[in-house]
Amino acid sequence: MYALAHAGLRQGGWVRRIFALRGQASASALLLALLLPGCAVGPDYAREPAPVPATYKELKGWKRATPSDDLARGNWWAPFRDSRLDALLREVEISNQTVAAAAAAYEQSRAIITEAQSALFPTATAGYGVTRTRTGALAGTTGGSAVGFGLGTRHTTQYSAPISGAWDLDVWGKVRRTIEADTSAAQASAADLDNAKLSAQAQLATAYFNLLAADSLRDLLHRAAAQYRETYEITLNKYKAGYGPSGTTGTTSADVALAQSQVLAIEAQELSVGVQRAQFEHAIAVLIGRPPAELTIGPRLLGSRIPSIPVAVPSALLERRPDIAAAERTMQDNNAMIGVAEAAYFPDVSLSSMVQFIGPIPLPFTAARSIQQIGAAATQTLFNGGLTGAQVDAARAVYFGSVATYRQTVLTAFQQVEDELAAIRIYTRQLAIDQQAVKNASEAVRVFTNQYRAGIVDLTTVVTAETNLLSDEETELAVRQNLFLASVSLIEALGGGWDTTLLPTQVQLMKGFSLLPKLESTPSAVESAPSDTTLRNPQNAPQVTQ
């Protein structure tokens, strides 16, 4: 099988592929490939099948996505319609240090492609040397003879300018397979970069909705504290008046202590929420690449409904998740390395040449003072104790391992989607029940409070009703919080707004490479933040004094 040396070319007719490149790839590498076609040993890559179900088990009741309403590419968080969340998530791509590290790894993988391509070309070296020799008067005498006697001390200077070249011909495709492997690895690195970005954005969205839930819980406890204070005032007034239900000894000091204890406990619980809220705010700051002291997010309550999330057919998931794409590209990387290992069975063919100019003058560049050599060599390993066979077996084992990893990644992806579909479906039903429970408990508190004022029921009845209401409200809030978190996890499990068309092509990876890539790592301007979010520069950070 004949193949072009440039790894950016896809399978197909070589004339068509050359025409498609039109200056996008290295012209010299392409010319070299045309002049020296050869057999690329090793298996050609074909994607291994993955276990893909026909439909999702938990999709009942969901709207199946169509190409027109599937998750939009890019800003996957747009359906939440939260401008503050939008501004924070945009910071992740710019300033998150985990994403920056993944971007640097991607640039390194591109450099490795160029490094592998260099093996297609000959290497040339040039030098320039000056040798000063002193020969003594008796340097030529031997065995006591007078040969050389009287010649005197001599000084000679010799100049040399050697130019040599060597070219290892890629007859068996070892270099081309290496380039293929490095290109696939770079594509996997690009997918890893997108996966790191998606993961960091999902972490930020999760922390953000947890922060809103903390604000909502604090608001809930604040309202409950007001209700408890009202009950305490009623109890205190009845105690001062010596009033109580008929047939009882009246309101006692224990009732007053119980009512006051409720107020103090709920106030303490309200304060404790601030710990969680501060931690979520600090996590958001780190995720956007800032010290926690530079970020302040104003309070806002959690919404009541999550956005509708369309779900495409399961087979589309293979093209929508960057981690699956990275695992698939790794398969091709390891498949190409089998060919690299198998090339060791065949002889290495190389050409060499040398021109050296020697003379007593500083510029001895004339044909009369030159020595020229040209040669060719082929080297074949006859016996190495089974090393080559073991290396081929190891390369195949690595490939089979990557196939298993790819299939496991696919299975895990389907599990995550099913998990979140089930969570959203069940939480939605639970939320409706909890909301009705809150409504009934609120009505019970209203009735029992009025009866307590009238002296029909005792304090214990009111306290029990208030405790039940607070428990139901906290449960309802927790379910709403879980719904938002499950929606973020579902979008992440579906790949966000990513798909395989965002991967760089093989030709794109091998053109326009800069020796000094500019990685965007500077935080965006403070003015881009919403009005209730403060991003302070270190110079403007408040000073803490003792």
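Residues numbered from 1 in each chain as written. Predicted model: local features only at pLDDT ≥ 70, side-chain atom pairs only at ≥ 80, totals over all residues. Heavy atoms only, no water.

**Student:** In this structure, what is going on with the nonpolar core? I would like to understand it.
**Tutor:** Most often, soluble globular proteins keep nonpolar side chains buried together rather than apart. Counting residues in each nonpolar core, the largest one holds 82 residues, and the members touching the most others are Tyr56, Trp76, Phe80, Leu85, Leu204, Phe209 and Ile284. The element best represented in this core is helix H5 (residues 174-241), accounting for 19 residues. Ignoring any residue separated from it by four or fewer positions in sequence, one finds tryptophan 76 in contact with Leu89, Leu198, Gln201, Ala202, Ala205, Val488, Ile491, Gly496 and Gly497. Ranked by size, the runner-up nonpolar core spans 20 residues in total, among them Tyr232, Leu236, Leu459 and Leu470. (Core = buried A, V, L, I, M, F, W, Y, C linked by side-chain atoms within 4.5 Å. Buried < 20%, exposed > 50% of the residue type's maximum accessible area, 1.4 Å probe, protein only. Helix = DSSP H or I, 4+ residues; strand = E, 2+ residues; numbered from the N terminus. Contact = heavy atoms within 4.5 Å.)

**Student:** Just checking my understanding: could you explain the side chain of aspartate 82 for this structure?
**Tutor:** Relative to the helices and strands, aspartate 82 resides in the loop between strand E2 (38-39) and helix H3 (83-95). Within the structure, the side chain of aspartate 82 is placed 3.1 Å from the backbone nitrogen of leucine 85, a separation counted as a polar contact. (Polar contact = N/O pair within 3.5 Å; in protein donor to acceptor, adjacent residues only side chain to side chain.)

**Student:** Is there a simple way to explain the packing of aromatic side chains in this structure?
**Tutor:** Each aromatic ring pair is specified by the distance between its two centres and by the angle formed by the two planes. Enumeration over the complete set of coordinates arrives at 9 aromatic pairs. Where tryptophan 172 meets phenylalanine 346, the ring centres are 4.8 Å apart and the plane angle is 25 degrees; that geometry is what we call stacked. Here phenylalanine 346 lies in the loop between helix H8 (322-342) and strand E7 (348-359) and tryptophan 172 lies in the loop between strand E5 (154-169) and H5, a separation of 174 residues in the sequence. Between phenylalanine 209 and phenylalanine 484, the ring centres sit 4.9 Å apart and the planes meet at 35 degrees, which makes this aromatic pair tilted. With phenylalanine 209 in helix H5 and phenylalanine 484 in helix H10 (residues 459-493), the pair connects residues that are 275 residues apart, well separated along the chain. In terms of burial, phenylalanine 209 and phenylalanine 484 fall into one category: buried. Every member of this aromatic cluster is reached through a ring pair, and the members are Phe80, Tyr208, Phe209 and Phe484. (Phe/Tyr/Trp six-rings, centres within 6.5 Å; stacked < 30°, edge-to-face > 60°.)

**Student:** Even after reading the chapter, I still don't get the packing of H5 against helix H9 (residues 387-454), so can you show me in this structure?
**Tutor:** Helix packing for two helices is described by the angle between their axes and how far apart those axes are. Where H5 contacts H9, the axes come no closer than 11 Å and their chain directions differ by 15 degrees. Here H5 is positioned roughly parallel relative to H9, judged by the angle of their axes. With respect to the hand of their crossing, H5 and H9 are arranged in left-handed fashion. Counted together, Gln227, Glu230, Thr231, Ile234, Thr235 and Lys238 of H5 and Val445, Thr449, Tyr452 and Arg453 of H9 form the full contact between these two elements. (Axes fitted to C-alpha atoms, helices over the stretch in contact; angles between N-to-C directions. Parallel < 35°, antiparallel > 145°, perpendicular 65-115°, else oblique. Left-handed = near helix turned anticlockwise from the far one by under 90°.)

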